[in-house]
Amino acid sequence: MHPSLAMKKVQTKICYLCGKPLSAPTDVDHPVMQQLFAPEIRRKHNVSELVTFDVHRACNAAYQSDEDYFVRSLMPFARGSVAGDAIYAKALEDFRTGRQVPLTTMVLSEFDPNPSGLLLPGGKVVKRFDGERLRRVAWKMVRGLHFYHAGEVLPEEWPTVGVQIYAGETPPPEDVLCFVSIAQSRGRYPGVFDYKFDKFPESNDLHYWALLLWDRIIVRVIFHDPACACDTCTSARYPKTGELSEVAAASNDGPAAGSVTKSLPGEACQPPAAPKFPLKAADFIARGIAEGPALGHVLTLAEDAWFAADFPLDEVTLSAIADQTVARFTRDHRL
Ligand SMILES: [Zn+2]
Ligand SMILES: [Zn+2]
């Protein structure tokens, strides 16, 4: 084949997005979105080796706006690498020339330096994500790449998928760093997009993926194998066969082994646990809030602020959140 025709268009008879046979109208889908590549990066590399599939046009279109959102909202974290600076400059240029303005404005508004009256130490900017949209796109990328490598359609709705995004100052946890350093690099253009995956038979065939964007952001996607026999997966496959699921699950239990897999949350068939809100009632009683409904209200406000601040755990930030929540509550209720 002529090199310029070496598009990685994979011939298939099914749409990997819905798992149903292909039928017109179709569109070409890039599991690794082209828009991750800034135009100057596209010019520099020949990105024709990006994998593409034919999919139903409607299935493709159903992801369009979430893919735009994904790229736009993660792009500010990409600064500092060649590909990241390029995609950031491109977004800024689009913004100035009026393209994609509503979306960019929305994303920028999520960078709220003062969410709900909350000021964080060091002028830290708070980013609020629409987590479900990011999760949906990360899972689509994994589904497309898994389809490419394994020829298997992963369900769009699958209960045992955990997606975590590591960007900015927070370092990824040990299991991610360990996995990224040892697993094989699969991306054709790793400075822009790279990915690594492996399966852990000792943990019920847990699948572990790391997507690396612009050499700056790591997206960790963990999921149970489509054939997993745990209760959650079994009932997702066969909603009405409870008996079967118990038998199957009992025959497939095994202890996790190895330092990487031990830290994985997958054995319990749950996505990674959300961090626990660390402030307690006592923190607010100490700040003069009386026990009763007011205390409950303040705790809720503080938890929202903590959530909006991306779950900080250091004492200085937590103390600032507590102080500002109390100040705001006191002001709003003229106490
Ligand atoms: Zn489809
Ligand atoms: Zn499972």
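Use the structure listed above.
Keep in mind it's a predicted model, so treat the numbers as computed, not measured. (Residues numbered from 1 in each chain as written. Chains lettered and ligands numbered in written order. Predicted model: local features only at pLDDT ≥ 70, side-chain atom pairs only at ≥ 80, totals over all residues.)

## Concerning the overall build of the protein
Within the protein, the regular secondary structure consists of twelve helices and nine strands. In the protein, 66% of the contacts between residues at least 6 apart in sequence involve partners at least 24 apart. (Helix = DSSP H or I, 4+ residues; strand = E, 2+ residues; numbered from the N terminus. Contact = placed C-beta atoms within 7 Å.)

## So, the pairing of strand β7 (residues 193–200)
Alignment of β7 against strand β8 (residues 206–213), held across eight bridges, turns out to be antiparallel. The residue of β8 that forms the bridge with F193 is L213. Count of turn residues in the β7/β8 antiparallel hairpin: five residues, of which N204 carries a positive phi of about 55°. (Pairing = 2+ DSSP bridges.)

## Some words on the pairing of β8
Burial of β8 is extensive: seven of the eight residues sit out of reach of the surface. Between the end of β8 and the start of strand β9 (residues 217–223), which pair antiparallel, lie three residues, with W214 showing a positive phi angle near 55°. (Buried ≥ 20, exposed ≤ 12 C-beta atoms within 10 Å, placed from the backbone.)

## Observations regarding helix α2 (residues 57–74)
In an α-helix there are 3.6 residues to a turn, and that puts residues three or four apart on one side. The end-to-end C-alpha separation of α2 is 26 Å, in line with the 26 Å expected for 18 residues at 1.5 Å each. Residue Q64 marks the point of greatest curvature in α2, where the axis turns by about 35°. Buried residues of α2: C59, N60, E67, F70, V71, R72, S73 and L74, and no others. (Expected span 1.5 Å × (residues − 1). Bend = angle between axes of the 7 residues up to and from the residue.)

## Quick notes on the sheet that holds strand β3 (residues 51–56)
Strand pairing in a sheet relies on backbone hydrogen bonds. The paired strands run either parallel or antiparallel. What the three strands build is an open sheet, ordered β1-β3-β2; its pairing is mixed. Strands at the two margins of the open sheet, each flanked by one partner only, are β1 (8–10) and β2 (26–29). Within this sheet the neighbouring strands show an average axis-to-axis angle of 30°, counted without direction. Strands β2 and β3 of the sheet are contacted by α2, whose axis makes an angle of about 110° with β3. (Axes fitted to C-alpha atoms, helices over the stretch in contact; angles between N-to-C directions.)

## Brief notes about the environment of V71
Tracing the sequence through the fold places V71 in helix α2. Among the residues examined, V71 registers 22 C-beta atoms within 10 Å and is labelled buried. Spatially, the C-alpha atoms of V71 and I87 are 9.0 Å apart, while their sequence positions differ by 16 residues.

## Re unusual backbone geometry
That bond from A24 to P25 is cis: its omega, -5°, falls within 30 degrees of zero. Assignment of secondary structure puts P25 in the loop between β1 and β2. The phi dihedral of W214 falls on the positive side, at around 55°, and the residue is not glycine. The class of W214 is buried, set by 28 C-beta atoms lying within 10 Å. The backbone of D215 shows a phi angle near 60°, a positive value even though the residue is not glycine.

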